[in-house]
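Overview (structure and organization)
Spelled out, the chains give:
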Amino acid sequence: MGRAMLHPDTLCARAGEKLDRIVGGVTTPIHTASAYMRADVGGTAAYRYPRYNNIPTQDAPAEKIAALEGAQAGLVAASGMAAEAVALLAVLAAGDHVVFQADLYGGTHHFLSVELPRLGIEYTLVANADAASLEAAVQANTRAVYVETPSNPLFHVVDLAAVADLARRRGLVSIADNTFASPINQNPLALGFDLVVHSGTKYLNGHSDLNCGAVVGSRALMDKVRERAVDYGVTLNVYDCFLLERGMKTLALRMARHNASAMALADFLSGHRLVSRVFYPGLPDHPGHAVAARQMRGFGGMLSFELDCSPKRARKAVASLELILEAVSLGGVESLICFPCETSHAKMPPDERRRQGISDTLIRFSTGIEDAADLMADLEQAFARAMRDG
Ligand SMILES: Cc1ncc(COP(=O)(O)O)c(C=O)c1O
């Protein structure tokens, strides 16, 4: 049975598995060795060393992500930032230029504004990125275009097929951060992108208990990414590889619940008298809804909203939650809530945050897999308490 024909649920459960051939175990063993014997004295043909990313325990999650994204090859890295860094450095060198959409994860924004200039790489940030405005920023020395969709934390939706087309026409490498959507909801490579990066810390692992990242793409490009990954030593250790592979076995199941609950919560919040705005690509009045409906199979588990009250009361509301946890990060089984201005975008200069529409009262919500009715009840009691006690 050709693995290429298997459905995403099956790929989550089985793709990449390296069954234990010694004792017949049905899971991938954790290979702890950092040194492997030569083939002619009892080892295997592949030269194996953890930093070279070729230990079977590392291959298993990398191949699972590649299968889910429809990629020829993939590798896992120590964090989402490590994955982004090696993807960018694989295609950029001193004197090159890269075009980014402006509304990016704050850590990505910090990386490009601090690290790229140190390496002699120029960049342009494009607000409200659509293919035409991204193309307008292309220069003679532009080598790549990088987008994140839906974006963090306002859910700007980029038309991936249109950006892939512009990249092809202008000879650029196109890179998409697919963290928020997950490969269950969206596959940029199928729409013509060259590389996809993930913070595997989020939905891929899904249990808020490790930091990891991944890059997938064509074999030719991934050879370059792998070279950077080996040089910079962004290895993911085998214990975390094991956790990541195990977490991904339930990715499709989890995403179905995340998608359904976030939609229900977006509807609940939209109809709530204390909520002034809701940002969720699944809502028909979201500016990116039509494009999202075309390129996504589900709208994801992330949403943001603003309360129609003072910042003090908004804070009180979040502090009054009993079930939902106030914490950074996203994509886990437990619902998390945060103020992006203090967390994901704390490193972004305040004027840039304001320019992007990230107010100090914007609240970001990562819908977990709890029952949606319990989440709504928690929000309702917290809003009521904030309004009463102010
Ligand atoms: C969209 C997005 N991309 C990349 C990252 C970076 O991932 P990591 O924290 O695993 O390095 C994050 C982290 O929050 C993110 O939200």
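Sequence order as written defines the numbering, with residues in each chain counted from 1. Reporting of local features is limited, given that this is a predicted model, to residues whose pLDDT is at least 70; pairs of side-chain atoms are given and counted only at 80 or more, and all residues count toward the totals for whole chains, interfaces and linings. Side-chain measures here rest on the full set of heavy atoms in the structure, leaving out hydrogens and waters.

Some remarks on helix H4 (residues 106–118)
Starting at the N terminus, helices and strands are each numbered in turn, a helix being any DSSP run of H or I of at least four residues and a strand any DSSP run of E of at least two. Multiplying 1.5 Å by the helix residue count minus one yields the expected span of that helix. In this model, H4 (13 residues) spans 18 Å end to end at C-alpha, consistent with the 18 Å of a helix rising 1.5 Å per residue. One axis fitted to the seven residues ending at a residue, another fitted to the seven starting there: the angle between these axes is the bend at that residue. Helix geometry: H4 is bent most strongly at leucine 112, by close to 25°. Among the residues of H4, Gly106, Gly107, Thr108, His109, Phe111, Leu112 and Leu116 are the ones counted as buried. Of the residues trailing H4, glycine 120 is marked for its positive phi of about 75°. Note on exposure labels: buried denotes an accessible area under 20% of the residue type's maximum, exposed denotes more than 50%, and partly exposed covers the range between, all computed with a 1.4 Å probe on protein chains only.

With respect to the sheet that holds strand E8 (residues 275–279)
Picture the strands of a sheet paired through backbone hydrogen bonds; they go either parallel or antiparallel. Note on pairing: DSSP must find at least two bridges between two strands before they are called paired. With respect to topology, five strands assemble into an open sheet ordered E8-E9-E12-E11-E10, the strand pairing being mixed. Strand pairing shows two members of the sheet lacking a second neighbour, E8 and strand E10 (325–326), which therefore form its edges. Examined bridge by bridge, E8 and strand E9 (residues 302–307) share four bridges and lie antiparallel to one another. Along E9, the bridge assignment pairs phenylalanine 279 with serine 304.

A short note on the domain arrangement of the chain
Just so you know, the domain bounds were taken from an automatic or database domain assignment. Partitioning the chain into domains gives domain 1 (3–248) and domain 2 (251–389). Inter-centroid distance (C-alpha atoms) of domain 1 to domain 2 is 26 Å. Whether two residues touch is decided by their heavy atoms; if any such pair falls within 4.5 Å, the residues are in contact. Each side of the interface is counted separately: domain 1 has 41 residues, and domain 2 has 40 residues. Buried area adds together the accessible area that both of two parts lose upon being put together, with accessible area traced by a 1.4 Å probe. Here domain 1 and domain 2 share an interface that buries about 3,200 Å² over both sides, 60% of which is from carbon and sulfur atoms. A carboxyl oxygen of Asp or Glu within 4 Å of a side-chain nitrogen of Lys or Arg is what we treat as a salt bridge. One can count one salt bridge joining domain 1 with domain 2. Note that arginine 294 and aspartate 159 form a salt bridge whose closest N and O atoms lie 2.8 Å from each other. What qualifies as a polar contact is a pair of N or O atoms within 3.5 Å, subject to a donor-acceptor requirement within protein and to the restriction that residues adjacent in sequence count only when both atoms come from side chains. Taken together, domain 1 and domain 2 are joined by 20 residue pairs in polar contact (both at pLDDT 80 or more). Counting residues per element, the ones that place at least two in the side of domain 1 that touches domain 2 are helix H1 (8–14), H4, helix H6 (160–170), helix H7 (182–185) and helix H9 (238–248).

Section: the pattern of salt bridges
On inspection of all chains with the given rule, the structure shows 15 salt bridges. A salt bridge links glutamate 135 to arginine 170; the nearest nitrogen and oxygen atoms lie 3.1 Å apart. Taken together, the residues span a long stretch of sequence, with glutamate 135 in helix H5 (residues 131–136) and arginine 170 in helix H6 at a distance of 35 residues. A salt bridge links aspartate 165 to arginine 169; the shortest N-O distance between them is 3.3 Å. Of this pair, aspartate 165 and arginine 169 both sit in helix H6, separated by four residues, roughly a single helical turn.

Comments concerning the side chain of threonine 57
Within the secondary structure layout, threonine 57 lies in helix H2 (residues 56–69). In this structure the side chain of threonine 57 is engaged in a polar contact, spanning 2.9 Å, whose partner is the backbone nitrogen of histidine 31. When residues no more than four places from it in sequence are discounted, the contact partners of threonine 57 are Thr28, Pro29, Ile30, His31, Val238, Cys241 and Phe242.

What about the packing of helix H12 (residues 311–319) against helix H14 (residues 372–389)?
For helices, the fitted axis covers only the stretch in contact; all axes are lines through C-alpha atoms, and the angles between them, taken along N-to-C directions, range from 0 to 180 degrees. Running from N to C, H12 and H14 cross one another at 135°; their axes reach a closest spacing of 8 Å. Here H14 runs oblique to H12, going by the angle between their axes. Helix-helix and strand crossings are classified by hand; for H12 and H14 the assignment is right-handed. From H12, Arg313, Lys316 and Ala317 reach across to H14, where they touch Ala382, Phe383, Arg385, Ala386, Met387, Arg388 and Asp389. Only Asp, Glu, Lys and Arg are considered charged in this grouping, and only Ala, Val, Leu, Ile, Met, Phe, Trp, Tyr, Cys and Pro are considered nonpolar; every other residue, Gly among them, is considered polar. In terms of residue class, the contact of H12 with H14 is built from five nonpolar, no polar and five charged. Roughly parallel means an angle under 35 degrees; roughly antiparallel, over 145; roughly perpendicular, 65 to 115; everything else is oblique. Take the far helix as your reference; a near helix turned counterclockwise from it by less than a right angle gives a left-handed crossing, and one turned clockwise gives a right-handed crossing.

What to know about the UniProt feature "modified residue: N6-(pyridoxal phosphate)lysine" (unreviewed entry) in the chain
UniProt positions are given in the numbering used here, feature names are shortened, and annotations may be inferred rather than shown by experiment. When the UniProt feature table is mapped onto this chain, "modified residue: N6-(pyridoxal phosphate)lysine" (unreviewed entry) is found at Lys202. For lysine 202, the position within the fold is in the loop between strand E6 (195–199) and strand E7 (213–217). Residue lysine 202 is classed as buried on the basis of its relative accessible area of 16%. The residues touching lysine 202, leaving out its near neighbours within four places in the chain, are Thr179, Ser329, Leu330 and Gly331.

Focus on the site of the ligand
Near the ligand, the surroundings consist of 15 residues, among which Gly80, Met81, Asp177, Ser199 and Thr201 are the closest. The separation between an oxygen atom of the ligand and a polar side-chain atom of threonine 201 is 2.6 Å. Note that an oxygen atom of the ligand is positioned 3.0 Å from one of the side-chain N or O atoms of lysine 202. Protein burial of the ligand: of its 390 Å² of free accessible surface, 92% is covered by the chains. When residues of the shell around the ligand are assigned to their parent elements, the largest contribution, three residues, is made by helix H3 (residues 80–91). Nearness here has a simple test: a residue counts as near a molecule or strand if at least one of its heavy atoms is within 4 Å of that partner. The Shrake-Rupley method, run with a 1.4 Å probe sphere, supplies the accessible areas, and residue values consider only the shown protein chains as cover.

A short note on the packing of H2 against H9
If you want to describe how two helices pack, look at the angle between their axes and the distance between the axes. Their axes nearest at 8 Å, the elements H2 and H9 cross at an angle of 35°. Of the two elements, H2 crosses H9, and the hand of that crossing is left-handed. Counting all contacts with H2, which are made through Thr57, Gln58, Ala60, Pro61, Lys64 and Ile65, the residues of H9 involved are Val238, Cys241, Phe242, Leu244, Glu245 and Met248. By residue class, the composition of the contact of H2 with H9 is eight nonpolar, two polar and two charged.

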